[in-house]
Amino acid sequence: MSKVAVSEPVSVWQLGAPLGEGPVWVERDQALWFVDIKSHKIHRYDPATGGTRSWDAPGQVGFILPIQSGGFVAGLQTGLARFDERDGSFTPICSPEPDKPGNRLNDATVDSLGRLWFGSMDDSEEATTGAIYRLSAEGNCVSASPLCSITNGPAVSPDGKTLYHVDTLGGIIYACDIDDAGMLVNRREFTRIPFGEGYPDGPTVDSEGCVWVGLYMGWGVRRYSPAGELLEEVKFPVSAITKIAFGGPNLKTVYATTANKHIAPGDLAKEPHAGDLFRFEVSVPGQKGMLIREGV
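Draft legend 1. Structural context of the packing of aromatic side chains. Counted according to the given criterion, the structure contains 16 aromatic pairs. Between phenylalanine 72 and phenylalanine 83 the ring centres are 6.2 Å apart and the planes differ by 45 degrees, which places this aromatic pair in the tilted class. Here phenylalanine 72, found in strand β7 (residues 72-76), pairs with phenylalanine 83, found in strand β8 (residues 79-84); they are 11 residues apart in sequence, far enough to count as distant. A relative accessible area of 0% places phenylalanine 83 in the buried class. Through pairs of rings, three or more aromatic residues link up here, namely Trp33, Trp55, Phe72, Phe83 and Phe90.

Draft legend 2. Here's a closer look at the nonpolar core. Counting 35 residues, the largest nonpolar core has Trp33, Phe63, Leu80 and Leu116 as its most contacted members. Those elements that provide at least two residues to this core are β2 (20-26), β3 (31-36), β6 (61-66), β7, β8, β10 (103-110), β11 (116-122) and β12 (132-135). Once residues within four sequence positions are removed from consideration, leucine 80 is found in contact with Phe63, Val73, Ala74, Gly75, Pro92, Ile93, Cys94, Leu105, Leu116, Phe118, Leu135 and Cys141. Judged by nonpolar contacts, the second largest core, of 26 residues, contains Val238, Val254, Ala256 and Val282.

Draft legend 3. Here's a closer look at the sheet that holds strand β5 (residues 51-56). The strand order β2-β3-β4-β5 describes an open sheet built from four strands, whose pairing is antiparallel. Edge positions in the sheet fall to β2 and β5, since each has one partner strand and no second. Ignoring which end each strand starts from, the neighbouring axes of this sheet average 20 degrees apart. Inspection of the sheet shows β2 paired to β3 by five bridges, in the antiparallel sense.

Draft legend 4. Region of the structure containing the layout of surface pockets. In this structure, the largest pocket spans a volume of roughly 770 Å³. Lining the largest pocket are 39 residues, and of these Val24, Gln287, Lys288, Gly289 and Met290 lie nearest its centre. If you list the elements that add at least two residues to the lining of the largest pocket, you get β2, β6, β10, β14 (151-156), β18 (199-205) and β22 (241-247). When the residues that make up the lining of the largest pocket are grouped by side-chain class, the tally is 22 nonpolar, 10 polar and seven charged. What the second largest pocket holds in volume is close to 240 Å³. Glu125, Ile150, Thr168, Asp201 and Tyr216 are the residues nearest the centre of the second largest pocket, which is lined by 16 residues in total.

Cut-offs and rules
- Residues numbered from 1 in each chain as written.
- Predicted model: local features only at pLDDT ≥ 70, side-chain atom pairs only at ≥ 80, totals over all residues.
- Heavy atoms only, no water.
- Phe/Tyr/Trp six-rings, centres within 6.5 Å; stacked < 30°, edge-to-face > 60°.
- Helix = DSSP H or I, 4+ residues; strand = E, 2+ residues; numbered from the N terminus.
- Buried < 20%, exposed > 50% of the residue type's maximum accessible area, 1.4 Å probe, protein only.
- Core = buried A, V, L, I, M, F, W, Y, C linked by side-chain atoms within 4.5 Å.
- Contact = heavy atoms within 4.5 Å.
- Pairing = 2+ DSSP bridges.
- Axes fitted to C-alpha atoms, helices over the stretch in contact; angles between N-to-C directions.
- 1 Å grid on protein atoms, 1.4 Å probe; cavity = no way out; pocket = protein on both sides within 12 Å on 5 of 7 lines; lining within 4 Å.
- Points joined across faces, edges and corners; volume = space filled by probe spheres on them.
- Nonpolar A, V, L, I, M, F, W, Y, C, P; charged D, E, K, R; others polar.

What follows is the structure, given as structure tokens:
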């Protein structure tokens, strides 16, 4: 594994988001998209101009990922919906958990075949009711993992054979094999982050197959080898880093979403950039982002 040279993280959009999440670099418009779950917002950041734009979602929105034919899939509390940025509309696709009104969708990825994988969680962050799902070719939500309280990820290895997902409250990152039928098998512990070092949040996999994970209440992000060995840690001036995404023309610019909902109002002055969008540079690129292919 290459040693990653890293620049210091800097704030590029002072949002003060309660729960910024789900950053994704969208190559077709050379922009960074992400959400603020608790403010019911979808955000777009254009690094070339510094321009920003935001849309209102009809409730909590856990992620947004681009579709090959145009538009996006958004993960709402009520289920998956197609989002059209041109008019701000949301069209329902399917709901994986109509019997769990206390759950919401949280974090997602697209694998090398263009399949959407996503997670759910208990919105109160207590009950063990969350799981990982895959959107099937028929437009159904297929359950693909055991239950846990807060799912984060998933993220997929460069060869498309391994899926990683996080049990945030348990402090565990799991690895699973993706079989030929698109199901998760051979689930095993990839690595465990000790309590007191931060809660593992959203994972992302770089071009060398190393797993980056944001640390909620851990003041940084960590990079692990494909064998689960801690390689590096990037420190931030804020305590809750939720997820990173690789972007820019060479995929060596890293964007990181952060949160401030855990900070008491009287203590926000201690972390003035909590909830901002951050950027730093690395020497090892990420993977090219995949587009959701319908009917796969």
